[in-house]
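Observations on the three-dimensional arrangement
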Amino acid sequence: MIKKIILSALVATTLFTTQANANNLHEYDLVSNQAGLGIYKKDNDYGLGLGEIYVQRINMKHVDVKLMNGNKSGEYFGKALLSSYWNILSGGINALSVSNGAFFESLSGSTTKLSFPLKANGTVLTTGASNGYQNDRKMVAFKDKCASGYKCALVMNYSDSRFNSNSYQNVIVGLDAYAEGKSGWASIGRTFIGVDHSNSSNPIMYIVHGTQARQSEMRNIMNDLGIYDDAMVMLDGSGSSQLAFGNTKVYGSKGTGPDYRKIPQIIVVTKK
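One structure accompanies this document, and this report is about it. On a predicted model such as this, the values are computed, not experimentally measured, just so you know. (Residues numbered from 1 in each chain as written. Predicted model: local features only at pLDDT ≥ 70, side-chain atom pairs only at ≥ 80, totals over all residues. Heavy atoms only, no water.)

1. Quick word on the side chain of Thr 126
Inclusion rule: A helix here means a DSSP run of H or I that spans at least four residues, while a strand means a run of E at least two residues long, and both kinds are numbered starting from the N terminus. Whenever two N or O atoms come within 3.5 Å, that pair is a polar contact, provided that in protein one can donate a hydrogen and the other can accept it, and provided that, for residues adjacent in sequence, both atoms are side-chain atoms. Residue contacts follow a heavy-atom distance rule, with two residues in contact if any of their heavy atoms lie within 4.5 Å.
If you trace the backbone, Thr 126 turns up in strand E10 (residues 123-126). There is a polar contact of 2.7 Å between the side chain of Thr 126 and the side chain of Glu 75. Discounting residues that sit within four places of it in the chain, Thr 126 has contacts with Glu 75, Phe 77, Leu 114, Phe 116, Pro 117, Leu 118 and Phe 163.

This is how it looks when you write it as structure tokens:
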């Protein structure tokens, strides 16, 4: 019996190590492990080497991903602290992690417009308040049933027709990883989403947070995870780059230290 247990443990370890090595996650410490969601951490050893990197590896065969937001009135979305979202959602819908999402227009006040389009549960919540970055917009679209038979995430260039397609009930729009004008040279909080399409029947989604990272560093981090330019999207950053899981709260730097600002829209990984 003992031999069987040891053998099972060795097999499980081998499978996990192989999976981790395939995505360069052997360089990271596993800090949270739920079925379908592994959260990894390491020091940022790219470029200037400031801050830390957190990687969420999401397998939607086993977990779900939801786009959620603060209370909405017209085009205005209510903002809340990350801790408030987490305290409510971790108890209410069995959230495993909560991350920041969409770019928004105003840091002051209790409400804001979102910069770019957002769709949740088939409803267009906003077409976005910004007219900028028309050629740099990219979207993460969630398809309810992919080749695996489960939901998956897809990254694609933004277009009105794709955004409005009935094939994608949930869509968040961000920017290309090379988009200019987002303080790319600065070591500030960054949030990127990427999809590993190497297994086309079951694409693995990554949400990557750098607490202090330059734009180029984030691209390199994504590349090392096996995610390349056409499969990554830059979401809101600086002090908006935030992550909560378990008893851990992660806040991105705005250049002068961590920022605990309120945010209007979040990405939630939940148990199925």
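From this point, things continue past the structure.
2. Describing the sheet that holds strand E5 (residues 72-73)
To be explicit about the condition: Note: two strands are recorded as paired if DSSP finds a minimum of 2 bridges between them.
One open sheet holds the 3 strands; their spatial order is E5-E6-E8, and the pairing between them is antiparallel. For this open sheet the edge positions go to E5 and strand E8 (111-112), each flanked by a neighbour on one side alone. Bridge analysis of E5 against strand E6 (residues 76-78) gives 2 bridges, and the strand direction is antiparallel. For Lys 72, the partnering residue across the bridge sits in E6 and is Phe 77.

3. Quick notes on the pattern of salt bridges
As a reminder, the rule being used: Definition used for salt bridges: Asp or Glu carboxyl oxygen within 4 Å of a side-chain nitrogen of Lys or Arg. Note on exposure labels: buried denotes an accessible area under 20% of the residue type's maximum, exposed denotes more than 50%, and partly exposed covers the range between, all computed with a 1.4 Å probe on protein chains only.
Taken as a whole and assessed by the stated rule, the structure comprises 8 salt bridges. Linking Lys 42 and Glu 27 is a salt bridge whose minimum nitrogen-to-oxygen distance equals 2.9 Å. Of the two residues, Lys 42 is situated in strand E2 (residues 37-43) and Glu 27 in the loop between helix H1 (2-22) and strand E1 (29-34); the sequence distance between them amounts to 15 residues. On the accessibility criterion, Lys 42 (9% relative accessible area) is buried. Beyond isolated ion pairs, a larger network of salt bridges with shared partners links Glu 27, Lys 42 and Asp 45.

4. Concerning unusual backbone geometry
Phi is positive for Tyr 133, which is not a glycine, with a value near 60°. Mapping Tyr 133 onto the fold places it in the loop between E10 and strand E11 (137-143). Positive phi values are uncommon outside glycine, yet Ser 238 reaches one of about 60°. Secondary-structure assignment places Ser 238 in the loop between strand E16 (232-234) and strand E17 (242-245). Residue classification places Ser 238 among the buried positions, given a relative accessible area of 16%.

5. Side note on helix H2 (residues 82-92)
Heads up, the condition is: What the arc measures is the spread of directions leading from the helix axis to the C-beta atoms.
Within the span of H2, buried status applies to Leu 82, Tyr 85, Trp 86 and Leu 89. When H2 is viewed along its axis, its buried side chains cluster within an angular range of 95° and face the same direction. In H2, the exposed positions that point more than 90 degrees away from the buried face belong to Asn 87, Ile 88, Gly 91 and Gly 92. In this structure, the buried side of H2 is in contact with strand E4 (63-69), E6, strand E7 (95-100), E17, strand E18 (248-251) and strand E19 (265-271). Phi for Asn 94, located one or two positions after H2, is positive at around 55°.

6. Some words on the environment of Gly 174
Along the chain, Gly 174 falls in strand E13 (residues 168-175). Along the chain, Gly 174 and Phe 103 lie 71 residues apart, while their C-alpha atoms are 7.1 Å from each other. Those residues in contact with Gly 174, other than ones at most four positions away along the chain, are Phe 103, Asp 136, Arg 137, Lys 138, Val 233, Met 234 and Leu 235.

7. Concerning the nonpolar core
Selection criterion: In this description, a nonpolar core means a group of buried Ala, Val, Leu, Ile, Met, Phe, Trp, Tyr and Cys residues linked to one another through side-chain atoms lying within 4.5 Å.
Grouped together as the largest cluster of nonpolar side chains are 44 residues, with contacts concentrated most on Ile 58, Val 98 and Met 205. When near neighbours in sequence (up to four residues on either side) are disregarded, Ile 58 contacts Gly 36, Leu 37, Val 63, Val 65, Ile 204, Met 205, Ile 207 and Val 269. Ranked by size, the runner-up nonpolar core spans 35 residues in total, among them Val 55, Cys 152, Ile 204 and Met 232.

8. A closer look at helix H4 (residues 215-224)
The set of residues buried in H4 consists of Gln 215, Glu 217, Met 218, Arg 219, Ile 221 and Met 222. Residues of H4 that are buried in the fold lie against strand E3 (52-58), strand E14 (188-196), strand E15 (204-213) and E16. Phi turns positive one or two residues past the end of H4, at Gly 226, with a value near 85°.

9. Focus: the pairing of E2
Counting buried residues in E2 gives 5 out of 7 residues, a clear majority hidden from the surface. A loop of 2 residues connects E1 with E2, the two strands running antiparallel in sequence, and Gly 36 in this loop sits at a positive phi of about 95°.

10. Comments concerning the environment of Asp 196
Within the fold, Asp 196 resides in strand E14. Overall, the relative accessible area of 11% leaves Asp 196 in the buried class. C-alpha separation for the pair Asp 196 and Tyr 206, spaced 10 residues apart in sequence, amounts to 7.8 Å. For Asp 196, the side chain forms a polar contact with the side chain of Ser 198, separated by 2.8 Å.

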